[in-house]
Amino acid sequence: MGNKDPYIIELPKILDERGNLSFLEGEKHIPFGINRTYWIYDVPGGESRGGHSYKKNQEFIIALSGSFDVTLHDGVTEKVYSLNRSYYGLYVPNGIWRSIGNFSTNSLAFIAASTDFNEDDYERNFEKYLKDKNG
Ligand code: TYD
């Protein structure tokens, strides 16, 4: 697996009768330092989010609660990852087209990001994305 491939990362899990605990540290459990976190919640049924790629930003996406599907397209191949546990997540390198959908009721998506928010870092046009990617 190359440096720039998406992959599922399983996080530490401290099992406890009082309730379980998981955690993550940037550059240790995920392959980048964390500059920003954000979360997506109260998603109405049937909605989808995040049809875009980033030029620089890398992300790690966890379903802290409930479930949803992350669809990734690398310019050639599309792959769907179903996230439904709070102790693993999906690493999404920069340069990968991603969308998130099929949110369950009350699902909570938590995202750790490598860069500060910057609209200029987004590519929101899929046709242009494919063109830039494949020449
Ligand atoms: P966007 O990234 O397009 O959402 P999604 O990919 O989940 O569909 O962001 C939606 C809006 O929120 C957009 O106007 C930019 C703003 N936003 C910020 O101001 N800061 C952030 O960290 C993020 C992720 C979004």
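Described in the following lines is the structure provided in the data block. (Residues numbered from 1 in each chain as written. Predicted model: local features only at pLDDT ≥ 70, side-chain atom pairs only at ≥ 80, totals over all residues. Heavy atoms only, no water.)

Following the criterion strictly, the structure yields one cavity of 30 Å³ or more and no others. By volume, the largest cavity amounts to about 30 Å³. If you go around the largest cavity, the residues you meet are Tyr54, Asn57, Glu59, Val92, Pro93, Ile96 and Arg98. For the lining of the largest cavity, the class distribution of residues is four nonpolar, one polar and two charged. (1 Å grid on protein atoms, 1.4 Å probe; cavity = no way out; pocket = protein on both sides within 12 Å on 5 of 7 lines; lining within 4 Å. Points joined across faces, edges and corners; volume = space filled by probe spheres on them. Nonpolar A, V, L, I, M, F, W, Y, C, P; charged D, E, K, R; others polar.)

Attention now goes to the side chain of Glu123. Mapped onto the elements, Glu123 comes out in strand β12 (residues 122-123). The class of Glu123 is buried, set by a relative accessible area of 10%. Here Asn125 takes part through its backbone nitrogen, which lies 2.9 Å from a polar atom of the side chain of Glu123. Other than its neighbours up to four places away in sequence, Glu123 contacts His52, Ser53, Trp97, Lys128, Tyr129 and Asp132. (Helix = DSSP H or I, 4+ residues; strand = E, 2+ residues; numbered from the N terminus. Buried < 20%, exposed > 50% of the residue type's maximum accessible area, 1.4 Å probe, protein only. Polar contact = N/O pair within 3.5 Å; in protein donor to acceptor, adjacent residues only side chain to side chain. Contact = heavy atoms within 4.5 Å.)

Our next topic: the layout of surface pockets. Within this model, the largest pocket holds a volume of roughly 180 Å³. Every residue along the wall of the largest pocket is listed here: Lys4, Asp5, Pro6, Leu72, His73, Asp74, Thr77, Glu78, Lys79, Tyr81 and Ile96. Looking at the lining of the largest pocket, the elements that each hand over two or more residues are β7 (68-73) and β8 (78-83). It is β8 that contributes the most residues to the lining of the largest pocket, three residues altogether. Residues that form the lining of the largest pocket fall into these classes: four nonpolar, two polar and five charged.

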